[in-house]
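Fold and contact review
Residue strings, one per chain:
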Amino acid sequence: MKPDGIQRAVRANRHDRSAGDAPNLGRLARMPGTGLPKGMRRRRKRSERSRNTGRNVVLNWSILFGAFAVLSLIAAVYFWLQPKMETALAADEAAPTDREETVRIRSKFDSPTESTAIASVKAALGIRATEEIPAHFHLGTADPARVVDFLKNLETNEGQIERYQWLGSMDANNLQIDGVLVVFNSAAKLRQRMAFLTPDEKGVWKIDFDAFARTVSPSWSDLENGAEQAIVRVFLGADSYFNGPFKDDQWLCYGMAAPDTEQLMLGYCKVDSPQAAAIQWIFSKGTRINRATLEIRRVEGASPKQFEIVRVLAEDWVMGEKPFDEGFK
């Protein structure tokens, strides 16, 4: 938004007098020092000037040291608060807000307690044997060997695990889901991953691997290098940038971002389409930023960062048995 222009009305003081009149200066007081001998006046001026100079030097140094102290305090507070703010933001994005109406799926199985959920995630992330993977993970598009390889490289890629934060129920896509936020402490910055626990047909709660790994197909690198179509797990936020093939009022615009790419993208879906209805339902909970799993594709004439949203596969990063937008056709 451009700031509104600000106009100032400036009005000079003015005294009306007739041409030829002497300027009206009012009553003039005698100037200090005019009654002193010439030599004494000079010495007094030099003395006053020296004292004033000394005062100014002391004042300037005092201001400089004071400003430095304030800036140092602000910097210290900032670096102390920054990691706490990042953690709070991540937890706020992951957990329902006070305004969000939490929709519980009819429970077929009892949810794990906080301690049980955290213990289950800890045990799963410590696995290094392929035969143990199926008992702790829903594999999705992966195989046990890929999961083990991912777990082996987790600390190298993300940093050491600092803590686990239980988030409770996060039901979506007609699935029972409980969440645990895994917080890593790396040299670069604070990182987090979401462990989404869902029960299998026997009621055993396991981590959804694709959601935890934030699987995209093809990779972000392939998509940035021109891949025409992809399935992505992203954060969605309402946007309003319309141009090129998306300049007509038949489109809705959303900003798309993901933790595994620095590229900010724009997704468009047609007004009154099942995809638009599905996304609007996701945002109806009252949160400004939401997770979603989407199928996107490039459109001729669009910029490299503009995509059409052709399917809304899940309202979060855990996919159900059928695409989420099927319920809005």
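Look up: the structure comes first, before these words.
Residues numbered from 1 in each chain as written. Predicted model: local features only at pLDDT ≥ 70, side-chain atom pairs only at ≥ 80, totals over all residues. Heavy atoms only, no water.

Okay, the nonpolar core next. Grouped together as the largest cluster of nonpolar side chains are 25 residues, with contacts concentrated most on Leu223, Val232, Leu236, Leu294 and Ile296. Elements with a contribution of two residues or more to this core: α6 (220-224), β6 (229-239), β7 (251-258), β8 (261-270), α7 (274-283), β9 (289-297) and β10 (306-314). Looking at this core, the element that brings in the most residues is α7, giving 5 residues. Discounting chain neighbours no more than four positions away, the residues touching Val232 are Val216, Trp220, Leu223, Ala292, Thr293, Leu294 and Ile296. (Core = buried A, V, L, I, M, F, W, Y, C linked by side-chain atoms within 4.5 Å. Buried < 20%, exposed > 50% of the residue type's maximum accessible area, 1.4 Å probe, protein only. Helix = DSSP H or I, 4+ residues; strand = E, 2+ residues; numbered from the N terminus. Contact = heavy atoms within 4.5 Å.)

Glancing now at the pairing of β8. Along β8, 7 of the 10 residues are buried, which leaves the element largely enclosed by surrounding structure. Where β7 meets β8, 7 bridges bridge the pair, whose relative direction is antiparallel. Bridge assignment links Cys253 to a residue of β8, and that residue is Tyr268. Hairpin geometry of β7 and β8 is characterised by an intervening segment of 2 residues between the two adjacent antiparallel strands. (Pairing = 2+ DSSP bridges.)

Our next topic: the sheet that holds β9. Read once around its circumference, the closed barrel built from 5 strands follows the order β6-β7-β8-β10-β9, with strand pairing classed as mixed. The sheet shows a mean angle of 55 degrees between the axes of neighbouring strands, direction not considered. Relative to β10, β8 runs parallel, the two sharing 3 bridges. Bridge pairing in β10 links Leu266 to Gln306. (Axes fitted to C-alpha atoms, helices over the stretch in contact; angles between N-to-C directions.)

Summarising the element assignment, Gln275 is placed in helix α7. We classify Gln275 as buried; its relative accessible area is 11%. As a C-alpha pair, Gln275 and Glu326 span 51 residues in sequence and 8.9 Å in three-dimensional space.

Our focus in this paragraph is the pattern of salt bridges. Scanning the model with the defined rule gives 10 salt bridges in all. Residues joined by salt bridges that share partners form a network here, namely Arg311, Asp325, Glu326 and Lys329. (Salt bridge = Lys/Arg side-chain N within 4 Å of Asp/Glu carboxyl O.)

In this structure, Pro218 follows Ser217 across a cis peptide bond, with omega equal to 0 degrees. For Pro218, the location among the structural elements is in the loop between α5 (209-213) and α6. We note that Asn173 has phi near 55 degrees; this positive angle belongs to a residue other than glycine. Here Asn173 shows up in the loop between β2 (160-169) and β3 (178-185). The exposure class assigned to Asn173 is buried, which follows from its relative accessible area of 13%. A positive phi angle is found at Asn174, which is not glycine, with a value near 60 degrees. Locating Asn174 in the fold gives a position in the loop between β2 and β3.

On to helix α3 (residues 144-152). Of all the residues in α3, the buried ones are Val147, Val148 and Leu151. In an axial view of α3, the angular spread of the buried residues amounts to 100 degrees, which keeps them on one side of the axis. Residue Asp143 occupies the N-cap position of α3, its side-chain oxygen lying 3.1 Å from the main-chain nitrogen of Ala145. (Arc of directions from axis to C-beta. Polar contact = N/O pair within 3.5 Å; in protein donor to acceptor, adjacent residues only side chain to side chain.)

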